Amino acid sequence: MTSTSPLAGRGCAVPDRPGLRLRTLADVFAYAQGEGIELRPDATEVQVRRPEAGRGGRRAFVSDKKKQNTMKATVIADHHGRTLWTDALRPGRMHDATAARNEGIGTCFQHFPDVEVLLDDGYLGPRRDHPGQAITPPRKPNKIALPHVHAAREEARHRHSSKRITVEHALADHKRWKQLTRWTHRREVLPDTYRAVAGLVSDRNTTA
């Protein structure tokens, strides 16, 4: 998505590389492959004003999860919780995996085969299409499975969740900005604002 704001178009900073800024999903995958970093994506929703009655596509903003009118952003963090990329702002009803796929994550998996991405349960499609790269928690075993199989699955899910917690920290950094909790202005302006905030947060986290 092309930005009309210079601040929004700066991208995200990375540690120890003052001249490098990550602006696209391909930039993030290239950086991760070069540095041997596991990526941790997640989606977050921002409440927005309800579209006018009778306007086409009105229901697209109603989130199945929050039951409110929202826009959904995809955020990628590293193992330290530093924001590497924020984009894919879509109407809140869109599934997380669909937003990432529309942004070209499948192509990035193909071009950067050494990159591993830790995903949640909602990304079963990418896991199926890119085994070994798109890593989700293990699926629930059959009910008749032995107790030690269930215990091993729970332990694996806990390890996966512990690794992914850093992206939750990144999202918490973003939500310190009240505008990203409830957006009261025009929805069309939110994507640039979110990208600008993410860039500023990344600047602070790489110099802290």
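Residues numbered from 1 in each chain as written. Predicted model: local features only at pLDDT ≥ 70, side-chain atom pairs only at ≥ 80, totals over all residues. Heavy atoms only, no water.

Trainee: How would you explain helix α1 (residues 25-35) if you had to name every residue and give the values?
Mentor: Considered for burial, the residues of α1 that qualify are Leu25, Val28, Phe29, Tyr31 and Ala32. Around the axis of α1, the buried residues are gathered within 160 degrees of arc, so they sit on the same side. Each element contacted by the buried residues of α1 is listed here: β2 (21-22), β4 (70-77), β5 (83-91), α3 (105-111) and β6 (117-118). In the segment just after α1, Gly36 is the residue with positive phi, at about 70 degrees. (Buried < 20%, exposed > 50% of the residue type's maximum accessible area, 1.4 Å probe, protein only. Helix = DSSP H or I, 4+ residues; strand = E, 2+ residues; numbered from the N terminus. Arc of directions from axis to C-beta. Contact = heavy atoms within 4.5 Å.)

Trainee: Describe the sheet that holds β5, listing the residues and the values that go with them.
Mentor: Strands sit in the order β3-β4-β5 across an open sheet of 3 strands; the sheet is antiparallel. Of all the strands in the sheet, just β3 (40-47) and β5 have a single pairing partner and so form its edges. For this sheet, the mean inter-axis angle between neighbouring strands, taken without regard to orientation, is 25 degrees. The pairing of β3 with β4 spans 8 bridges and is antiparallel. Bridging across to β4, Glu45 finds its partner in Lys72. Taken strand by strand, α1 contacts β4 and β5, and its axis lies near 150 degrees from that of β5. Across the sheet, helix α5 (residues 147-174) lies against β3, β4 and β5, angled at about 30 degrees from β3, the strand it touches most. (Pairing = 2+ DSSP bridges. Axes fitted to C-alpha atoms, helices over the stretch in contact; angles between N-to-C directions.)

Trainee: Kindly report on the pairing of β4, identifying the contributing residues and their values.
Mentor: The buried fraction of β4 is high, at 8 of 8 residues. Side chains of β4 alternate between two faces, with Thr70, Lys72, Thr74 and Ile76 and Met71, Ala73, Val75 and Ala77 buried alike. Joining the antiparallel neighbours β4 and β5 is a turn of 5 residues, in which Gly81 adopts a positive phi near 85 degrees.

Trainee: Outline the nonpolar core, supporting the account with residue identities and numerical values.
Mentor: Ranked by internal contacts, the top residues of the largest apolar core, which has 24 residues, are Leu25, Val28, Phe29, Leu39, Leu84, Val115 and Val117. Residue assignment for this core shows that the elements contributing at least two residues are α1, β5, α2 (96-102) and α3. By residue number, the principal contributor to this core is α1, which donates 5 residues. Within the second largest apolar cluster, 14 residues are counted, among which are Phe61, Met71, Leu180 and Val197. (Core = buried A, V, L, I, M, F, W, Y, C linked by side-chain atoms within 4.5 Å.)

Trainee: Describe the layout of surface pockets, naming the residues involved and giving the relevant values.
Mentor: By volume, the largest pocket amounts to about 350 Å³. Taken together, 17 residues form the lining of the largest pocket, with Ala43, Glu45, Lys65, Lys72 and Asp96 sitting closest to its centre. Considering every element that reaches the lining of the largest pocket, the biggest residue donor is β3, with 4 residues. Per-class residue counts for the lining of the largest pocket are 2 nonpolar, 5 polar and 10 charged. (1 Å grid on protein atoms, 1.4 Å probe; cavity = no way out; pocket = protein on both sides within 12 Å on 5 of 7 lines; lining within 4 Å. Points joined across faces, edges and corners; volume = space filled by probe spheres on them. Nonpolar A, V, L, I, M, F, W, Y, C, P; charged D, E, K, R; others polar.)

Trainee: Before we move on, could you go through empty space enclosed by the protein and cite the residues and values that matter?
Mentor: For the coordinates displayed, the defined rule picks out 1 cavity of 30 Å³ or more. Approximately 60 Å³ is the volume found for the largest cavity. Around the largest cavity, the lining residues are Leu25, Pro41, Thr74, Ile76, Trp85, Ala100, Ile105 and Tyr123.

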